[in-house]
Amino acid sequence: MTNGQRRERRLTTGSALLLAATFIGAPGRAAPQPAPQDARADPALIEELVAANRILGQQGIFDGFGHVSVRHGRDPNRFLLSRSLAPELVTADDIVEFDLESRALNAAGRTLYLERFIHGAIYRARPDVSAVVHSHSPALVPFSVSSVPLRPVSHTAGFIVDGVPVFDIRKASGITDMLVSDADRARRLAGTLGPQPAALMRGHGVVVVGASLPIAVGRSIYLEMNARHQSQAIALGGTITYLDPQEARRVMAAGENGGYQRAWELWKRNVAAK
Ligand SMILES: [Zn+2]
């Protein structure tokens, strides 16, 4: 299928959804409001976001749950995020635009992720952030409930040199269903994240941010790996020599794993070949 055909199919599907939503009425959901022509997201950015969804699935960071977003390349007050869908099933047709209140601008009746508020709150609080990952990254969850802090074991996790804060939703919002499913909870989570690259969510998972999709995805993968390494080192017994803060700062000064570009190209090829 050529790019033109693919685009045409995307447009046809979009129109069909719009039409269906008009007939069904889609009560309680965002009204279809297509973005202005001049602010439409770059199809190449959408493809990168689709790749990020699949990479994080293939790498075991996402299972059926988890989501990744990117700030809109032509409007910093918007971001792109899939409709509610298992990440490895996401295609370009599933990407929805949101404003920074996490209100969908072109949902056309589609169901949205309950925790979409995480993304808008972080983009509002962090102008330096262009990509946000929320996952239930398996090796990280133990560190979200333990008094043992997550610390950098190897150079690829040098980015957590200043620590990884833990968001305890019970302290922030009382007894909940543990989901960051409204603007207030999301604002509190963004407050806990502060200027850091990641925050653990107690008994739940993690948010990881970056200045680009490759950085947020790369950090998600290497943070999970670091948690595994740290747990294994603790299990060995003995004392652990963590990365020296000065070593970690040099890793960051040297460009943080090359901005993950080399790995990003490989990860993208691997998901494209599937
Ligand atoms: Zn979650």
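See the structure shown above.
A few points on the structure. In this text the structure is predicted, and so the values were computed from the model without any measurement.

### Let's talk about unusual backbone geometry
No. 1: One non-glycine residue with positive phi stands out, namely glutamate 256, at about 45°.
No. 2: Inspection of the secondary structure puts glutamate 256 in the loop between helix H8 (245-253) and helix H9 (261-272).
No. 3: For glutamate 256, a relative accessible area of 7% translates into the label buried.
No. 4: Of note, asparagine 257 is a non-glycine position whose phi angle comes to about 55°, a positive value.
No. 5: Owing to a relative accessible area of 27%, asparagine 257 belongs among the partly exposed residues under this scheme.

### Thoughts on the pattern of salt bridges
No. 1: Counted by the stated rule, this structure contains 15 salt bridges.
No. 2: Of the charged contacts in the structure, one is a salt bridge between arginine 78 and glutamate 97, with a shortest N-O distance of 2.8 Å. Taken as a pair, arginine 78 in strand S2 (residues 78-82) and glutamate 97 in strand S3 (residues 95-99) lie far apart in primary sequence, 19 residues in all. Take arginine 78 and glutamate 97: they sit in the same class, and that class is buried.
No. 3: Look at the salt bridges and you will find they share partners, linking Asp75, Arg78 and Glu97 into a network.

About the thresholds
- Residues numbered from 1 in each chain as written.
- Predicted model: local features only at pLDDT ≥ 70, side-chain atom pairs only at ≥ 80, totals over all residues.
- Heavy atoms only, no water.
- Helix = DSSP H or I, 4+ residues; strand = E, 2+ residues; numbered from the N terminus.
- Buried < 20%, exposed > 50% of the residue type's maximum accessible area, 1.4 Å probe, protein only.
- Salt bridge = Lys/Arg side-chain N within 4 Å of Asp/Glu carboxyl O.

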